Amino acid sequence: MAVNCWAILGLEADADSRSIKRQYATLLKVHRPDEDPIGFQRLREAYEQAMEWSRREPGIPSFSQREPTVERQSPAPSFDAGLSFELEHLRLEQHAGAQRAEQLLEDVTVDRLDERLAQARVSHCTQEFEDQLLMMCLSPRADGMLLAAWGLEQFNWLSTWQRLDLSPQALELLLRAYCKHVEKCLRELLDTGQVDAFIERFVALKQADWLQPFERHDWFNETLARLLVDSSFWSVQVFETLCSHQHWSATEDGGRCSQPYWSALVKRRDEQVFVETLERLAVLNDREPQSRAARLLLTPMTDTDRSAFTRRFFEADWNACRTLSEKLLRLNPARCRDMPNGDPYFWKALVPRRQAWPMFAGLFGASLTWAAGEYLSDKSGLGASFAAMLFWLCVLVTPGAALLWVWRPMADRFWSLDVYLSRAVSPRLSFRRPAPLVLRELLPCWLMGALTWACCGAPAFASYTAVLLALGVLSRVAWPETLRIKPPKVRLPTLGSAPSIALMIGVIGLTFLFYTITSSQLMGPDQGLQPFAKRSCSGPLDSRQECRIAPDYEQWYGPSHAQRTQP
């Protein structure tokens, strides 16, 4: 039975020799000599006859007028020579396909892979294109993992739909390399704070076919937890998104998140809530220590504004700055880099010297002056004078400390007025530099001066004033570093707590007792019990004549009065 060679090849009758060869190479992969010898023999005869008709001269009638036929014949008893020829031809075709794929992948980029794949399909070298692309992904190329991502999506690598004839070793190496690439990309997105890009990448990976096996999904889940724990950046949105998609739950002790990671994540979440709370406090501009510390550290200011703002700080405010700096350095180093010189402890240079110690130095001078005056006036002992000095020092220091404890919070409420008055008046009222604040520092200082004058007199007040003026003048002298006067680091007890009040009362009591004991004088040899001067006519047995005159007067006015009225 004659069969049309064009029907066997699947071509039109006017096909050229190039099309015939290309179609023959394609069908040769289907009818291999070692698998289908009968089909191969029929294909070979059709190919040879079609090539013979394609080489005819133009004057020969067309195939529509005279079509070549191929007689169906029984299989040849032997075609070893033809088999060897076709095997060699098949190897040549495969080599040509590999060369075409290599040319298509030469200097290829990710954005041109779709175009090159379409050309490979036209050139019938798709399989060779895929094989060589897999090897390129494992090579040390800069864009190797980007090519692998395209191959995973296009050829379903690492999934159940991949080609079964791919090398298992190559696929295992590709899986390890691509897992490292995925972890690196997620870490970079998280560390740079690209929250939306991280979530988008996470959702795309969660839906990828190659991550659907359980062991790979467990690896992905643990990798996400580790990245969130180790990253310097924290986002509540990222944490809540991962908890929702990965089934991390606090009610189930972490759920699918392993316990070491879950405990660390919960701790970071709580600490981040604390940081966000401080950011809100910084915006409120409250007088609380945490609010002031948060505003100093987290709000952009000029150096002048920071210096002016910290002048109203108390000891509790500086302690809050220290606590907040430690937590920010541990929880959010990126925020610390935005601070002056990238140092979260920049505020230490703004801590002022203690401004209250000159007042207490003046009170000491006043009490010393009063004790010296007492010693010189009545020639009292040295111990008594020293006790008197301690006593008046405690008497003056106690209301001074109480005044500062009450006065400074009150003056802080009028901070704007205090700053205005200090700029206009303070440089003229005090020699000290920097000029003190009028309401916060100068006014309580001179109120204590008035109390000193009322308690200890004008000499003590003069001594108090002299000490303050001398310290003010010395503060304007540019002393060398070795001779610079530094304020004493003496911490006075803070009023308001029961132990500090009890301690102050005990000190005052002991001072008063010491003053009482030392101020008492020992009796001399002529002091003590003396002979009693007996009054005349006062004894009951006194029978003298003068004692018996005018009994009525003695009864009413006494014997002495009667004696005085006797003529």
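Here the structure is shown first, and the text comes after it.
What this report covers is the structure whose coordinates are included nearby. Note that this is a predicted model, so its numbers are computed, not measured.

1. Some words on the packing of helix α9 (residues 195–206) against helix α11 (residues 236–246)
The contact between α9 and α11 brings their axes to 10 Å, and the two run at 15°. The orientation of α9 with respect to α11, classified from their angle, is roughly parallel. The crossing of α9 and α11 is right-handed. Residue-level inspection shows Val195, Asp196, Phe198, Ile199, Phe202 and Lys206 of α9 in contact with α11, the latter providing Gln237, Val238, Thr241, Leu242, His245 and Gln246. Residues that form the contact of α9 with α11 fall into these classes: 6 nonpolar, 4 polar and 2 charged.

2. Observations concerning empty space enclosed by the protein
Under the counting rule described, the total for this entry stands at 1 cavity of 30 Å³ or more. If you add up the space inside the largest cavity, you get close to 40 Å³.

3. Notes on unusual backbone geometry
Phi at aspartate 107 takes a positive value of approximately 55°, unusual for a residue other than glycine. Relative to the assigned elements, aspartate 107 resides in the loop between α4 (80–105) and α5 (113–122). Using a relative accessible area of 66% as the deciding quantity, one classes aspartate 107 as exposed.

4. A closer look at a nonpolar patch on the surface
On the surface, a nonpolar cluster with roughly 350 Å² of combined accessible area is contributed by Tyr375, Leu376 and Leu382. In this structure, tyrosine 375 sits in helix α17 (residues 357–378).

5. Digging into the nonpolar core
Core analysis: the biggest nonpolar cluster contains 56 residues, and Phe129, Leu133, Trp157, Trp210, Leu228 and Trp248 have the highest contact counts within it. With 10 residues, helix α8 (residues 168–191) is the single largest residue contributor to this core. Residues in contact with leucine 228, not counting those within four places in the same chain, are Leu190, Trp234, Val238, Phe239, Leu242, Trp248, Leu265 and Arg268. By size, the runner-up hydrophobic cluster in this structure holds 21 residues, among which are Val275, Leu298, Phe309 and Met339.

6. Observations concerning the pattern of salt bridges
One pass over the full model with this rule turns up 12 salt bridges. In this structure, the salt-bridge partner of aspartate 165 is arginine 163, at a minimum N-O distance of 2.8 Å. Put simply, arginine 269 and aspartate 270 hold a salt bridge, and the shortest N to O gap is 3.5 Å. Arginine 269 sits in the partly exposed class, given a relative accessible area of 29%. Classification of aspartate 270 as partly exposed rests on a relative accessible area of 42%. Because the salt bridges share partners, they merge into one network encompassing Glu130, Asp131, Arg163 and Asp165.

7. Description of helix α15 (residues 315–331)
Taking 1.5 Å of rise per residue, 17 residues should cover 24 Å, and α15 covers 25 Å from first to last C-alpha, within 8% of that figure. Those residues of α15 lying buried are Asp317, Trp318, Ala320, Cys321, Leu324, Ser325, Leu328 and Leu331. An end-on view of α15 places all buried positions within 160° of arc, on one side of the element. Summarising the contacts, the buried residues of α15 are in contact with α12 (259–284), α13 (289–298), α14 (303–310) and α16 (333–336).

Rules used throughout
- Residues numbered from 1 in each chain as written.
- Predicted model: local features only at pLDDT ≥ 70, side-chain atom pairs only at ≥ 80, totals over all residues.
- Heavy atoms only, no water.
- Axes fitted to C-alpha atoms, helices over the stretch in contact; angles between N-to-C directions.
- Helix = DSSP H or I, 4+ residues; strand = E, 2+ residues; numbered from the N terminus.
- Parallel < 35°, antiparallel > 145°, perpendicular 65-115°, else oblique.
- Left-handed = near helix turned anticlockwise from the far one by under 90°.
- Contact = heavy atoms within 4.5 Å.
- Nonpolar A, V, L, I, M, F, W, Y, C, P; charged D, E, K, R; others polar.
- 1 Å grid on protein atoms, 1.4 Å probe; cavity = no way out; pocket = protein on both sides within 12 Å on 5 of 7 lines; lining within 4 Å.
- Points joined across faces, edges and corners; volume = space filled by probe spheres on them.
- Buried < 20%, exposed > 50% of the residue type's maximum accessible area, 1.4 Å probe, protein only.
- Patch = residues over 30% accessible without salt bridge, like charges linked within 9 Å, V, L, I, M, F, W, Y side chains within 5 Å.
- Areas by Shrake-Rupley, 256 points an atom, 1.4 Å probe, with all protein chains shown as cover.
- Salt bridge = Lys/Arg side-chain N within 4 Å of Asp/Glu carboxyl O.
- Core = buried A, V, L, I, M, F, W, Y, C linked by side-chain atoms within 4.5 Å.
- Expected span 1.5 Å × (residues − 1).
- Arc of directions from axis to C-beta.

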